[in-house]
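Examination of the molecular architecture
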Amino acid sequence: MKTSLKLATLAASLALTLTTLPAQAGAVLDRVVAAGTLKVATDANWAPQSFLNATNELDGFDIDVAKEIGKRIGVKVEFVTPGWDIITAGNWVGRWDMHVGSMTPTKKRAEIFDFPAVYYYTPAAVAVHKDSKAKSLSDLDGKVVGATTTSTFEAYAKKDLTLDAAGAPPFEYKLNPKEVHSYENSTTAFDDLRVGDGVRLDAVVSSQPSIVDAVKAGYPIRQIGDPVFYEPLAVAIEHGDPEFSARIADAVKAMKGDGTLSTLSRKWYGVDYSVVK
């Protein structure tokens, strides 16, 4: 009888535990709400998506999007700026909760991350020095090209790009470089390109908005040809918290519905990248 009673008590305890699990789920969301702070990883040197402004504060499209998501969840946002390769490696262990830094969702990355929402679509393009004699992408065959390490731009340059996220249009490889040099971010690649045509690089693959912004900033570079591919860009979090993912998805959906994303895109890019062209 005692054994039966113990088993019955254990079963009842287990049942109670299982019924209360949903209330305990969402460890990251619980931590964020309890702290009142959402820690967001992004890039400090990738205008106009994210950059340090004249007052040494992070600014840009991704920054505004992250702040708006935090606002709709009901918490303030705190930014951290680890390297792109560190972010995409995963194993964040609580150092930050979410990444808003124009990450392309792919099947390989989905092994590590959840992508609650795509928040805009952007064209990728190729830039050359203004003195370059190249008139088309084929003129860059056998040349040296730069791109951000572990990025879709680098993958494209190496002909190893897979865009398997919803909304990603098909593309063709139109670039045949001899070498691909990897950089921490697009700005450092542009810095090598600005030294002179062919001195360190012959071209850089980056986002079209970043190329446009670099030109506005006085870099002696120009885009060559049409965009080489279009990529959907998403918020990323690590696996394990479906409630957190749902809250982010709801926030971005509302931002699309009320025109906030469109307004922010036009503010920073002059065009609406929140919808597929």
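In what follows, the structure referred to is the one given above.
Along each chain, residues carry numbers from 1 onward, in the same order as the chain's sequence is written. Given that the model is predicted, a residue must reach a pLDDT of at least 70 before its local features are reported, and side-chain atom pairs must reach 80 or more before they are shown or counted; all residues, however, enter totals for whole chains, interfaces and linings. Side-chain calculation: all heavy atoms of the structure are included, whereas hydrogens and water are not.

Focus on the layout of surface pockets
A volume near 480 Å³ is recorded for the largest pocket. We place a 1 Å grid over just the protein atoms. Points where a 1.4 Å probe fits but has no way out form a cavity, open points with protein on both sides within 12 Å along at least 5 of 7 lines form a pocket, and any residue with an atom within 4 Å of a point lines it. In terms of lining residues, the largest pocket is bounded by 16 residues, among which Thr106, Lys108, Arg109, Thr150 and Ala155 are the most central. For the purposes of this entry, the term helix denotes a DSSP run of H or I that reaches at least four residues, the term strand denotes a run of E that reaches at least two, and both are numbered from the N terminus. The element that contributes the greatest number of residues to the lining of the largest pocket is helix α5 (residues 152–157), accounting for three residues. In this classification, Asp, Glu, Lys and Arg are treated as charged, Ala, Val, Leu, Ile, Met, Phe, Trp, Tyr, Cys and Pro as nonpolar, and every other residue, Gly included, as polar. Residues of the lining of the largest pocket, tallied by class, amount to three nonpolar, six polar and seven charged. Grid points are joined across faces, edges and corners, and a volume is the space filled by probe spheres set on the points.

Thoughts on the side chain of serine 265
Mapped onto the secondary structure, serine 265 falls in helix α9 (residues 260–269). Exposure is judged per residue with a 1.4 Å probe applied to protein chains only, and the accessible area is read against the type maximum: over 50% gives exposed, under 20% gives buried, and values in between give partly exposed. With a relative accessible area of 0%, serine 265 lands in the buried category. Two N or O atoms count as a polar contact when they lie within 3.5 Å, although within protein this holds only if one can serve as hydrogen donor and the other as acceptor, and sequence-adjacent residues are included solely when both atoms are side-chain atoms. A distance of 2.7 Å separates a polar atom in the side chain of serine 265 from the backbone nitrogen of tyrosine 273. The contact criterion used is simple: two residues touch if any of their non-hydrogen atoms lie within 4.5 Å. Setting aside residues no more than four positions away along its own chain, serine 265 makes contact with Phe61, Gly270, Val271, Asp272, Tyr273 and Ser274.

Digging into empty space enclosed by the protein
By the definition in use, this model includes one cavity of 30 Å³ or more. Trp46, Trp84, Gly101, Ser102 and Phe153 are, among the 18 residues lining the largest cavity, the residues nearest its centre. For the lining of the largest cavity, the elements supplying multiple residues, two or more each, are β6 (98–103), α5 and β11 (221–238). When residues of the lining of the largest cavity are assigned to their parent elements, the largest contribution, three residues, is made by β6. Residue composition of the lining of the largest cavity, grouped by class: four nonpolar, ten polar and four charged.

Digging into the sheet that holds strand β1 (residues 37–41)
Read across the open sheet, the eight strands follow the order β5-β1-β6-β11-β7-β10-β8-β9; overall the sheet is mixed. Looking at the sheet topology across the chains shown, the edges are occupied by β5 (76–80) and β9 (179–183). Here the average twist between neighbouring strands, direction ignored, is 25°. Strand direction decides the pairing type here: strand β7 (residues 113–129) and β11, joined by 13 bridges, are antiparallel. Bridge pairing links tyrosine 120 to leucine 233 in β11. Whether two strands pair depends on DSSP finding at least two bridges between them. In this analysis, axes come from line fits to C-alpha atoms, helices being fitted only over the stretch in contact, and the angle between any two N-to-C directions falls in the range 0 to 180 degrees.

A word on the packing of aromatic side chains
Between 30 and 60 degrees the pair is tilted, below 30 it is stacked and above 60 it is edge-to-face, where a pair is any two Phe, Tyr or Trp rings, Trp via its six-membered ring, whose centres lie within 6.5 Å. By the definition in use, this model includes 17 aromatic pairs. Considering the side-chain rings of phenylalanine 171 and phenylalanine 229, the 6.0 Å spacing of their centres and the 50° angle between planes classify their relative orientation as tilted. Taken as a pair, phenylalanine 171 in the loop between α5 and β9 and phenylalanine 229 in strand β11 lie far apart in primary sequence, 58 residues in all. We classify phenylalanine 229 as buried; its relative accessible area is 2%.

Here we look at the packing of helix α3 (residues 61–73) against α9
Here α3 crosses α9 at 155°, and the two axes come no closer than 9 Å. When the axis of α3 is compared with that of α9, the two are roughly antiparallel. Like other packed secondary-structure pairs, α3 and α9 cross with a definite hand, here right-handed. For the pair formed by α3 and α9, the contact residues are Phe61, Asp64, Val65, Glu68 and Arg72 on the first element and Thr260, Leu261, Leu264, Ser265, Lys267, Trp268 and Tyr269 on the second. Grouping the amino acids of the contact of α3 with α9 by side-chain chemistry returns six nonpolar, two polar and four charged. An angle below 35 degrees is treated as roughly parallel, one above 145 as roughly antiparallel, one from 65 to 115 as roughly perpendicular, and anything else as oblique. Crossing handedness is read from the near helix: turned anticlockwise from the far helix by less than a right angle, it gives a left-handed crossing, and turned clockwise, a right-handed one.

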